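Secondary and tertiary structure notes
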Amino acid sequence: MPPHPAQPIRTLWMSDLTSDRLRPGSILLSWEPSLRDGMDVTAHLGLASAKVLLANWPGLQGDWTPVVHPTLFEVIGLHAALSVATDALHLANHLAAS
């Protein structure tokens, strides 16, 4: 179940980012100093077959929460809904074949 919008999103610190694979539903958030002021923040989403660019926020300054959290929250909820729909489709196909 996705988190409530007021709750923090659970995180895991990863120091080895050499892998191109993310667990489906996982979001990789990375940041580096911006050429301007602030930080360039990037989010990638793990899908069953690939890692895809989810969002890019250039030059974020100060507290990123009001900018980044709503996008991550919505994507986590969308992925959960798609997972349920996929499981339901697999079950329906299995029952139809029986």
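Residue numbers restart at each chain and count upward from 1, following the sequence in its written direction. In keeping with the model being predicted, local features are shown solely for residues with a pLDDT of at least 70 and side-chain atom pairs are shown and tallied solely at 80 or more, while totals for entire chains, interfaces and linings include all residues. Side-chain calculation: all heavy atoms of the structure are included, whereas hydrogens and water are not.

1. Some points on the sheet that holds strand β2 (residues 39-46)
Taken in spatial order, the three strands of this open sheet run β1-β2-β3, and their pairing is antiparallel. The open sheet has two edge strands with one neighbour each: β1 (27-33) and β3 (51-60). The mean inter-strand angle of the sheet, taken between neighbouring strand axes irrespective of direction, is 15 degrees. Here seven bridges tie β1 to β2, and the two strands are oriented antiparallel to one another. Following the sheet pairing, isoleucine 27 is matched in β2 by leucine 45. Residue contacts are counted whenever heavy atoms from the two residues lie within 4.5 Å of one another. The angle between two axes is taken between their N-to-C directions and runs from 0 to 180 degrees, where each axis is a line fitted to C-alpha atoms and a helix contributes only its stretch in contact. In this description a helix means any DSSP run of H or I spanning at least four residues, a strand means any run of E spanning at least two, and both kinds are numbered starting from the N terminus. The strands touched by helix α1 (residues 65-97) are β1, β2 and β3; relative to β3, the strand with the most contacts, the crossing angle is about 170 degrees. By definition, two strands form a pair when at least two bridges between them are found by DSSP.

2. Some words on the confidence of the model for the chain
On average, residues of the chain score 82 in pLDDT, and 83% of them reach the 70 mark or higher. pLDDT gives the predictor's per-residue confidence on a scale running from 0 to 100. No element of the chain has a lower mean pLDDT than α1, which averages 87, and none a higher one than β3, which averages 91.

3. Regarding the nonpolar core
Nonpolar side chains tend to gather and get buried jointly when the protein is soluble and globular. Buried residues of nine kinds, namely Ala, Val, Leu, Ile, Met, Phe, Trp, Tyr and Cys, make up a nonpolar core once their side-chain atoms join them within 4.5 Å. Burial classes follow relative accessibility: with a 1.4 Å probe on protein chains only, a residue under 20% of its type's maximum area counts as buried, one over 50% as exposed, and anything between as partly exposed. Of all hydrophobic cores here, the largest spans eight residues; its members are Val41, Ala43, Ala55, Trp57, Leu60, Trp64, Val68 and Leu72. Elements represented by at least two residues in this core include exactly β2, β3 and α1. Considering each element in turn, this core owes the most residues, three residues, to β3. The contacts of tryptophan 64, once residues within four sequence positions are left out, are Trp31, Met39, Val41 and His69.

4. Some details on the packing of aromatic side chains
Under the pairing criterion, centres of Phe, Tyr and Trp rings, with the six-membered ring standing for Trp, must be within 6.5 Å; the plane angle then separates stacked pairs below 30 degrees from edge-to-face pairs above 60, leaving the rest tilted. Taken as a whole and judged by the stated rule, the model has one aromatic pair. Centre to centre, the rings of tryptophan 31 and tryptophan 64 are 5.5 Å apart; their planes meet at 70 degrees, and the pair counts as edge-to-face. Of this pair, tryptophan 31 sits in strand β1 while tryptophan 64 sits in the loop between β3 and α1, placing them 33 residues apart in sequence. Relative accessible area serves as the criterion here: at 40%, tryptophan 31 is assigned to the partly exposed category.

5. What to know about the pairing of β3
With seven bridges joining them, β2 and β3 adopt antiparallel strand pairing. Within the sheet, the bridge partner assigned to threonine 42 lies in β3 and is asparagine 56.

6. Comments concerning α1
Helix length check: α1, at 33 residues, gives a terminal C-alpha distance of 47 Å against a target of 48 Å (1.5 Å per residue), a fit within 8%. Turning to α1, its buried residues number three or more, namely Val68, His69, Leu72, Val75 and Ile76. Next to the buried residues of α1 lie β1, β2 and β3. Here, expected helix span is obtained from the residue count minus one, scaled by 1.5 Å.

7. A word on the pairing of β2
In this antiparallel pair of consecutive strands, β1 and β2, the connection spans five residues, and glycine 38 shows a positive phi of 100 degrees. In this antiparallel pair of consecutive strands, β2 and β3, the connection spans four residues.

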